[in-house]
Amino acid sequence: MTTQSGKKVLITGASGFIGSHIVHEALNRGYEVWAGVRATSSLAHLPQDAIRRIDLKYGDAEALTGQLSRFAREHGAWDYVVHNAGLTKTTHPGDFFRVNAAYTLHLLEALAGADCRPAKFLLMSSLSCYGGGDPQTLRPIGIDDPQKPETIYGKSKLMAEHYVRAQTEFPYIILCPTGVYGPGDKDYLMEIRSIRSGFDFAVGMKPQHITFIYVKDLASVVFETLENKDVVNSRFFVADGDTYTDTEFARMIQDVLRKKHVFRLRIPRWLAWWACLCSEGAGRLTGKAMTLNTDKYKILKQRNWICDTEPLRRATGFVPAYNLRRGLEETVRFLAEQEKAD
């Protein structure tokens with residue numbers, strides 16, 4: 001790993017689960033880190049003394065251009081921009097397109113209009129912008145396959161991808177990670193806690209085939225692609241290369257937790273849909289975005305989330321430092337330490 005002393009990187013969504021790990025990786029590599037965070041965001045997972053903060057005005061394209069113009073005059077352009085900010089759940093579906101797509105367009109236009117062009121722009125997208133793979137053949141989804149997202153979230157990320165690929169002001173990279181897990185994640189935390197309490201619920205009568213990437217490996221891929229001069233205007237799936245069924249994943253969690261007895265139940269898809277619908281309804285009543293919702297159901301019902309990571313390996317030589325077992329062990333240790341501290 002080379003040290004990028006003197007180089008500046010903007011990381012949007014820096015206070016979130018993935019963003020905070022990207023920040024730590026950037027600091028480890030010697031970057032001057034500018035964290036794009038809202039004034040109201042919690043900075044609990046960020047080394048505040050080691051970063052510089054900026055609250056980007058995504059919602060107003062003109063104001064954002066002016067803000068970046070002032071930044072460029074004072075500090076110069078960022079060497080790299082990692083656009084990681086976005087919504088993964090909301091009580092208002094239209095917010096997906098406003099935040100994930102329109103804000104991406106505003107940022108692209110503002111960087112160009114403010115003469116604040118980076119050497120590379122990286123968009124953190126998602127495997128969800130492709131939709132699930134063939135459930136019969138279990139053929140891995142290819143990066144050049146037709147993109148047919150079923151979820152509103154996936155459609156909004158695909159629109160953001162279109163904006164990035166259409167612009168010609170600076171080179172881009174688009175990363176489409178599969179299921180991202182690790183310290184600070186909240187989605188897979190639900191399953192870990194359920195299994196720890198002795199219950200494992202899976203959706204559908206047939207196994208779901210799933211893939212993963214540990215968050216620290218994903219953060220490493222961000223900079224392996226940015227720093228590689230031969231990787232430009234490229235898209236990649238990011239996964240650790242292994243495939244598991246939902247049952248194998250649950251049993252590995254059980255083993256890591258050293259939980260002797262777990263009651264397992266496969267829930268029919270129609271019942272899971274009703275559970276997601278009720279959870280979404282409760283979220284609307286309380287104004288809280290719920291992890292289980294009807295958009296999430298479309299992900300749960302898919303049987304094939306296998307993706308082809310060979311293009312990433314060929315382009316960068318990426319070899320994950322964490323397999324699923326090691327990543328889960330570190331995640332569970334972090335959870336135990338966090339709960340002890342609380």
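Scoring rules and cut-offs
Residues numbered from 1 in each chain as written. Predicted model: local features only at pLDDT ≥ 70, side-chain atom pairs only at ≥ 80, totals over all residues. Heavy atoms only, no water. Pairing = 2+ DSSP bridges. Helix = DSSP H or I, 4+ residues; strand = E, 2+ residues; numbered from the N terminus. Axes fitted to C-alpha atoms, helices over the stretch in contact; angles between N-to-C directions. Contact = heavy atoms within 4.5 Å. Salt bridge = Lys/Arg side-chain N within 4 Å of Asp/Glu carboxyl O. Buried < 20%, exposed > 50% of the residue type's maximum accessible area, 1.4 Å probe, protein only. Core = buried A, V, L, I, M, F, W, Y, C linked by side-chain atoms within 4.5 Å. Parallel < 35°, antiparallel > 145°, perpendicular 65-115°, else oblique. Left-handed = near helix turned anticlockwise from the far one by under 90°. Nonpolar A, V, L, I, M, F, W, Y, C, P; charged D, E, K, R; others polar.

*Asks:* Would you mind going over the sheet that holds strand 5 (residues 120-124) with me for this structure?
*Replies:* Strand pairing in a sheet takes place through backbone hydrogen bonds and is either antiparallel or parallel in direction. Overall, parallel pairing links the 7 strands, which are arranged 3-2-1-4-5-6-11 in an open sheet. With partners counted over all chains shown, the strands left at the sheet margins are strand 3 (52-54) and strand 11 (234-238), one partner each. Each strand axis lies, on average, 20 degrees off the axis of its neighbour in the sheet, ignoring direction. Note that strand 5 and strand 6 (residues 172-177) share 4 bridges and pair parallel. Bridging from a neighbouring strand, Leu-123 pairs with Ile-174 of strand 6. Its contacts with the sheet put helix 1 (residues 17-28) on strand 1 (8-12), strand 2 (32-36), strand 4 (80-83) and strand 5, and the angle it makes with strand 1 is roughly 170 degrees.

*Asks:* Which parts of the structure should I look at to understand the pattern of salt bridges?
*Replies:* For side chains of opposite charge, pairing can occur when their charged atoms come near one another. Within this structure, the stated rule accounts for 21 salt bridges. Between Glu-330 and Lys-216 there is a salt bridge; the shortest N-O distance is 2.7 Å. Of this pair, Glu-330 sits in helix 11 (residues 324-341) while Lys-216 sits in helix 6 (residues 215-227), and the two are 114 residues apart along the sequence. Taking the relative accessible area as the measure of exposure, Glu-330 reaches 16% and is therefore buried. Residue Arg-325 is joined to Glu-329 by a salt bridge in which the shortest nitrogen-to-oxygen separation is 2.9 Å. Of this pair, Arg-325 and Glu-329 are both found in helix 11, 4 residues apart, which corresponds to roughly one turn of the helix. The exposure class of Arg-325 is partly exposed, given its relative accessible area of 30%.

*Asks:* How do you make sense of the nonpolar core when you look at a structure like this?
*Replies:* Looking at soluble globular proteins, one finds that nonpolar side chains tend to be buried together. Core analysis: the largest hydrophobic core is formed by 57 residues, its most contacted members being Leu-68, Trp-78, Leu-111 and Phe-121. A total of 6 residues in this core trace back to one element, the largest contributor, which is helix 3 (residues 94-113). Apart from the residues lying within four places of it in its own chain, the contact partners of Leu-111 are Leu-68, Trp-78, Val-81, Cys-116, Arg-117, Pro-118, Phe-121 and Phe-170. One finds Ile-11, Ile-51, Leu-122 and Val-238 within the second-largest nonpolar core, a separate group that totals 35 residues.

*Asks:* I'm lost on the packing of helix 2 (residues 61-75) against helix 3 in this one. Help?
*Replies:* Remark: helix 2 packs on helix 3, axes separated minimally by 8 Å, with the N-to-C direction vectors making an angle of 40 degrees. Taken together, the axes of helix 2 and helix 3 are oblique relative to one another. The two elements helix 2 and helix 3 cross, and the hand of that crossing is right-handed. Contact residues: Ala-61, Leu-64, Thr-65 and Leu-68 in helix 2; His-106, Leu-107, Ala-110, Leu-111 and Gly-113 in helix 3. The residue inventory of the contact of helix 2 with helix 3, partitioned by class, reads 6 nonpolar, 3 polar and no charged.

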